[in-house]
Amino acid sequence: MRRTTIKLEDGLDARMRHEAARRGMTISEWTREAIASHLPGAGHPGQARRRFRSARAGDSGRSDIAERMEEILAGLAEGRDIIAEEEGPHRDERRSA
């Protein structure tokens with residue numbers, strides 16, 4: 001095992017120490033677990049990997065966007081949003097259903 005030194009702001013250090021103590025872990029154990037949960041293929045079996053908040057942020061729910069890119073861009077050049085026109089005025093209600 002290798003020793004690594006990192007610099008943390010005081011507030012982050014205090015939060016880390018509090019969480020490690022709350023979970024009955026040493027700072028080293030908690031730090032290794034936190035780092036491992038952010039690396040691909042790492043972590044503990046059966047434990048879900050952390051998902052970034054931005055995951056799927058651009059998902060339109062449509063599968064034809066790439067195929068229709070020329071048409072969509074031409075519409076935008078004309079000041080039209082073809083996708084919004086197709087989905088109609090209640091598109092947000094349909095997407096959340």
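The rules behind these values
Residues numbered from 1 in each chain as written. Predicted model: local features only at pLDDT ≥ 70, side-chain atom pairs only at ≥ 80, totals over all residues. Heavy atoms only, no water. Helix = DSSP H or I, 4+ residues; strand = E, 2+ residues; numbered from the N terminus. Buried < 20%, exposed > 50% of the residue type's maximum accessible area, 1.4 Å probe, protein only. Contact = heavy atoms within 4.5 Å. Areas by Shrake-Rupley, 256 points an atom, 1.4 Å probe, with all protein chains shown as cover. Axes fitted to C-alpha atoms, helices over the stretch in contact; angles between N-to-C directions. Parallel < 35°, antiparallel > 145°, perpendicular 65-115°, else oblique. Nonpolar A, V, L, I, M, F, W, Y, C, P; charged D, E, K, R; others polar. Salt bridge = Lys/Arg side-chain N within 4 Å of Asp/Glu carboxyl O. pLDDT = per-residue confidence, 0-100.

For the protein chain, the helix and strand inventory stands at five helices and zero strands. Helices and strands appear in the protein chain in the N-to-C order α-α-α-α-α. Of all 97 residues assigned to the protein chain, the portion counted as buried reaches 13%. Contacts in the protein chain between residues far apart in sequence, at least 24 positions, make up 15% of those at least 6 positions apart. Of the roughly 8700 Å² of accessible surface on the protein chain, 52% is carried by carbon and sulfur atoms.

Our focus in this paragraph is the packing of helix α1 (residues 10-22) against helix α2 (residues 27-36). The contact between α1 and α2 brings their axes to 9 Å, and the two run at 105°. Comparing the axis directions of α1 and α2 gives the class roughly perpendicular. For the pair α1 and α2, the contacting residues are M16, R17, E19 and A20 in the first and I27, W30 and T31 in the second. Within the contact of α1 with α2, the residues separate by chemical class into four nonpolar, one polar and two charged.

With that settled, the discussion passes to the pattern of salt bridges. Under the counting rule described, the total for this entry stands at eight salt bridges. Of the charged contacts, one joins R17 and D13 as a salt bridge, the two residues approaching to 2.9 Å between their closest N and O atoms. Note that R17 and D13 are positioned in helix α1 at a spacing of four residues, about one turn of the helix. With a shortest N-O distance of 3.6 Å, E78 and R80 are connected by a salt bridge.

With that out of the way, let us pick up the confidence of the model for the protein chain. Detailed conclusions should not be drawn from predicted coordinates in areas where pLDDT is low. Predicted confidence across the protein chain gives a mean pLDDT of 79, with 74% of residues reaching 70 or more. Looking across the protein chain, the model is least confident in helix α5 (residues 91-96), with a mean pLDDT of 51, and most confident in α1, with 92.

Another point: the environment of S60. Along the chain, the position of S60 falls in the loop between α2 and α3 (69-77). Taking the C-alpha atoms as reference points, S60 and I83, separated by 23 residues in sequence, lie 9.7 Å from one another.

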